[in-house]
Amino acid sequence: MDVLATSAVSLPTSVKRGSPNVLLVFPRFNQNSFWSLRASCDIYGVRCPAPPLGLITVAALLPPQWNLRLVDRNAEELAPADLAWADLVFTGGMLPQRPDCQEVIRICQAEGKPVVVGGPDATSSPELFAEADFLVLGEAEGIMDRFVQAWEDGERTGRFEAAKFKVDVARSPIPRFDLLRPGNYLYIGVQFSRGCPFMCEFCDIIELYGRVPRSKTNEQMLAELQALFDMGYRGHVDFVDDNFIGNKKNIKKFLPALEQWQVEHGHPFMFSTEASINVADDAELLAMMGRANFFAIFVGIESPDTNTLVVAQKKQNTRRSLADSVHRIYAAGMIVLAGFIVGFDTEESGVAPEMIDCIEATSIPVCMVGMLTALPGTQLTRRLEREGRLLPFQDTSSGDQCTAGLNFTTLRPRREILEDYRNVLLSVYRPAAFFERVRHVGSALRKPALRPNPNAPPEPRSILPRIAKRDLIALLKVMIRMTFIRTDLTVLFWRTLIGTARENPAALHAVVIQMVMFLHLGQFAKYVIREVEQQIDAIEREGTSKQSAQASPRSRVLVRESGVP
């Protein structure tokens, strides 16, 4: 990246005019959110969880003669020298990045640099980014060529919008992984498909990418992995697909090729992804994923209440035992991370015990429990607008849907929902409860033996010591922190670690990963609980104020005389 920047600065002006210096700026995510994983990043000596896959894909769509530089504000500062170098700035991202994306626009325009904004948040809410010079909305592969032509024709403002769900992802280029500094990240993302076949009312994926999953070819996907391998990257790779099994036919064609590639290369990568819970219905598919070295799946469980799932149009989670489904995934060698939501219209009073029971029955340690949020452009938002119940979206700079949800008038008392939410967090992130679930997962995991390849080329000597040193340092940091710093976790940590080592040593790596995540999630749960309790207190104060205002003058006098504040 530095070589590219240096050569770009030294080009003659006449060449630079045809080959602009393009600065790609990835806005900051909320620093205190569920997925910021700050303690995990500290343990592994990295700066943030994952790099900007969308932005480096955009980079690959730009003309090869254009000079590119990437600044990820989650990992590094946007320096004045970067702005001075740039002729043009690309930025954009997801909703949690909105405040910083708007700040990037302001900074760049103050320096007289034209700004191009795209990504899912701008696509869903373009009016919030109207100050940008260019808006590039929708999937980049369907629009970037028109933007490039407009720029080269001398246009300096414009709005370009791709037709929805029309992009052929089989023509998407290999992302510009060379622009990254892999040492900044816990893992690197790739994408095999876009879209999801389901109709969940609260989900914006189907509004952005459609209900017909579109997949890359096997050769295309393996070329991306080869590019990562060739640049020396080893370790965790996340398939960021909206639903990895959205097109099961294509996935079942891809997984054997992925397994073979892993065997031939000595299994350099361990994979994670997101999939619907019905992945557990297909034993053959689970076995394929295990043999390809998938170790984790995020599933959206949302609610244990069948009626709620039906009304929210998440019927794929009904007609099944959630606990049995999750344990089938464990039996295939993969841990489960899950999403849960509090605040549906159909919830009964006291939903907390049922949700807690579901989490304990499934033994899922890492649970993203959030409040229902009406996201821009979703069926839920359109319905709430029709019903006159939609409220302005709350500030997203302090957290995520864990603190900024319920942006609508609720059908049951808001205080009840907040209390249920708080009670779920208090229970599932109690250290003893969390570590007990980790211990159960450690017992249940059945990691398949990976097929060796005696003909696989040996790893370069420079890579093996680096990986071994990184993992050893991380393990020592965990031991120190959970033994001498977090003394409240010492007994739980060692009991879980030693118990897993004795019962199922193949599960040790997965168990350690989940315990490391608790260092962040336990603290984050405390933060969210404090925020929720402040909201509950505000509701109480508002109720007391209304009661006081409605009281007769004589009753207010009696209250003052009684000494009650």
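It should be noted that the structure appears before, not after, this text.
Computed from a predicted structure; not experimentally measured.

(A) Examining the packing of helix α10 (residues 218–230) against helix α11 (residues 248–264) more closely. Contact geometry for α10 and α11: axes closest at 10 Å, N-to-C directions at 30°. The angle between α10 and α11 places the two elements in the roughly parallel class. The hand of the α10/α11 crossing is right-handed. Taken together, the residues of α11 that come into contact with α10 (itself represented by Asn218, Met221, Leu222, Leu225, Gln226 and Phe229) are Lys253, Phe254, Ala257, Leu258 and Trp261. Taken together, the residues that form the contact of α10 with α11 break down as 8 nonpolar, 2 polar and 1 charged.

(B) How the structure looks around the packing of aromatic side chains. Under the criterion given, the structure shown has 27 aromatic pairs. Ring geometry for Phe192 against Phe254: centres 4.7 Å apart, planes inclined by 15°, an arrangement best described as stacked. Placement of the pair is Phe192 in the loop between β7 (188–190) and β8 (193–194) and Phe254 in helix α11, with a sequence separation of 62 residues. Taking relative accessible area as the criterion, Phe192 reaches 1% and is therefore assigned buried. Under the relative-accessibility criterion, Phe254 is labelled buried at 0%. Three or more aromatic residues joined by ring pairs make a cluster, and in this case those are Phe192, Phe229, Tyr233, Phe239, Phe244, Phe254, Trp261, Phe269, Phe271 and Phe294.

(C) Structural detail: a nonpolar patch on the surface. Together, Leu472, Leu476, Ile480, Phe484 and Ile485 make up an exposed nonpolar region whose accessible area comes to about 540 Å². Position of Ile485 relative to the elements: it lies in helix α19 (residues 463–485).

(D) A look at unusual backbone geometry. The backbone phi angle of Leu37 is positive, close to 45°, even though this residue is not glycine. Mapped onto the elements, Leu37 comes out in the loop between β1 (21–26) and α3 (38–44). Backbone geometry places His267, a non-glycine residue, at a positive phi of 50°. With respect to the helices, strands and loops of the structure, His267 is situated in the loop between α11 and β11 (269–274).

(E) Highlighting the pairing of strand β14 (residues 367–371). For β14, the tally of buried residues reaches 5 of 5 residues, placing the bulk of the element in the interior. Looking at chain direction, strand β13 (residues 335–342) and β14 are connected through 5 bridges and run parallel. In the strand pairing of β14, Gly339 is matched with Met368. For the crossover from β13 across helix α15 (residues 352–362) to β14, the handedness is right-handed.

(F) Here's a closer look at the nonpolar core. Core analysis: the biggest nonpolar cluster contains 144 residues, and Phe90, Phe147, Phe239, Leu255, Leu258, Phe294 and Tyr429 have the highest contact counts within it. With 17 residues, the single largest contributor to this core is helix α21 (residues 508–550). Excluding its chain neighbours within four sequence positions, the residues that come into contact with Phe147 are Leu88, Phe90, Val116, Phe134, Val136 and Phe160. Counting 19 residues, the second-largest nonpolar core is a separate cluster that includes Val25, Val71, Val89 and Leu135.

(G) Here's a closer look at the sheet that holds strand β3 (residues 88–92). Read from one edge to the other, the open sheet built from 6 strands follows the order β2-β1-β3-β4-β5-β6, with strand pairing classed as parallel. Taken across any chain shown, the strands that pair with only one partner, and hence form the sheet edges, are β2 (67–72) and β6 (158–161). Between one strand axis and the next, the sheet turns through 20° on average, direction left out of account. Relative to β2, β1 runs parallel, the two being bridged by 6 bridges. Directly across from Leu24, in β2, lies its bridge partner Leu70. Along the sheet, helix α4 (residues 53–61) makes contact with β1, β2 and β3, crossing β1 at roughly 165°.

(H) Quick look at empty space enclosed by the protein. The full count for this structure, using the stated rule, is 2 cavities of 30 Å³ or more. Taken as a whole, the largest cavity encloses approximately 50 Å³ of empty space. As for the largest cavity, its lining consists of Phe34, Cys367, Met368, Val369, Cys402, Tyr421, Leu425, Tyr429, Leu521, Phe524, Ala525 and Val528. Broken down by secondary-structure element, the contributors of at least two residues to the lining of the largest cavity are β14, α17 (414–428) and α21. Ranked by the residues each element gives to the lining of the largest cavity, the list is headed by α21, at 4 residues. Of the residues that constitute the lining of the largest cavity, the class distribution is 12 nonpolar, no polar and no charged.

(I) Main features of the sheet that holds β11. If you trace the 6 strands from one edge of the open sheet to the other, you get β7-β10-β11-β12-β13-β14, paired in parallel fashion. On the outer flanks of this sheet lie β7 and β14, each paired with one strand and no other. Pairwise comparison of adjacent strand axes, ignoring direction, gives a mean angle of 20° for this sheet. Here α11 sits on the sheet and contacts β10 (235–239), β11 and β12 (294–302); the angle it forms with β11, its principal contact strand, is near 155°.

(J) The pattern of salt bridges, seen in detail. The final tally for this structure, using the stated rule, is 39 salt bridges. Among the ionic pairs, Arg486 bridges to Asp488, the shortest N-O distance being 2.9 Å. Among the charged side chains, a network of salt bridges with common partners joins Glu201, Asp345, Arg383, Glu387 and Arg389.

(K) Molecular detail of the environment of Asn67. Here Asn67 lies in strand β2. On the accessibility criterion, Asn67 (12% relative accessible area) is buried. There is a polar contact of 3.0 Å between the side chain of Asn67 and the backbone oxygen of Ser19. A polar contact is formed between the side chain of Asn67 and the side chain of Asn21, at a distance of 3.1 Å.

(L) Seen up close, α4. Residues Leu53, Leu55, Ile56, Thr57, Val58 and Ala59 constitute the buried set of α4. At its buried positions, α4 is contacted by β1, β2, β3, α8 (144–152) and β7.

(M) Structural view of the side chain of Ser276. Tracing the sequence through the fold places Ser276 in the loop between β11 and α12 (283–291). According to the relative accessible area criterion, Ser276 is buried, its value standing at 9%. Only 3.0 Å separates the side chain of Ser276 from the side chain of Asn243, close enough to count as a polar contact. A distance of 2.5 Å separates a polar atom in the side chain of Ser276 from a polar atom in the side chain of Asn278. The contacts of Ser276, once residues within four sequence positions are left out, are Phe198, Asn243 and Ile245.

(N) Focus on the packing of α15 against α17. Taken N-terminus to C-terminus, the directions of α15 and α17 make an angle of 30°; their axes are 9 Å apart at the nearest point. When the axes of α15 and α17 are compared, the pair comes out roughly parallel. At the point where α15 passes α17, the crossing takes the right-handed sense. Each of Ala352, Met355, Ile356 and Ile359 in α15 lies in contact with α17, whose residues at this interface are Asp420, Asn423, Val424, Ser427 and Val428. For the contact of α15 with α17, the residue count by class is 6 nonpolar, 2 polar and 1 charged.

Conventions and cut-offs
- Residues numbered from 1 in each chain as written.
- Predicted model: local features only at pLDDT ≥ 70, side-chain atom pairs only at ≥ 80, totals over all residues.
- Heavy atoms only, no water.
- Axes fitted to C-alpha atoms, helices over the stretch in contact; angles between N-to-C directions.
- Helix = DSSP H or I, 4+ residues; strand = E, 2+ residues; numbered from the N terminus.
- Parallel < 35°, antiparallel > 145°, perpendicular 65-115°, else oblique.
- Left-handed = near helix turned anticlockwise from the far one by under 90°.
- Contact = heavy atoms within 4.5 Å.
- Nonpolar A, V, L, I, M, F, W, Y, C, P; charged D, E, K, R; others polar.
- Phe/Tyr/Trp six-rings, centres within 6.5 Å; stacked < 30°, edge-to-face > 60°.
- Buried < 20%, exposed > 50% of the residue type's maximum accessible area, 1.4 Å probe, protein only.
- Patch = residues over 30% accessible without salt bridge, like charges linked within 9 Å, V, L, I, M, F, W, Y side chains within 5 Å.
- Areas by Shrake-Rupley, 256 points an atom, 1.4 Å probe, with all protein chains shown as cover.
- Salt bridge = Lys/Arg side-chain N within 4 Å of Asp/Glu carboxyl O.
- Pairing = 2+ DSSP bridges.
- Right-handed = clockwise from strand over helix to strand, strands pointing away.
- Core = buried A, V, L, I, M, F, W, Y, C linked by side-chain atoms within 4.5 Å.
- 1 Å grid on protein atoms, 1.4 Å probe; cavity = no way out; pocket = protein on both sides within 12 Å on 5 of 7 lines; lining within 4 Å.
- Points joined across faces, edges and corners; volume = space filled by probe spheres on them.
- Polar contact = N/O pair within 3.5 Å; in protein donor to acceptor, adjacent residues only side chain to side chain.

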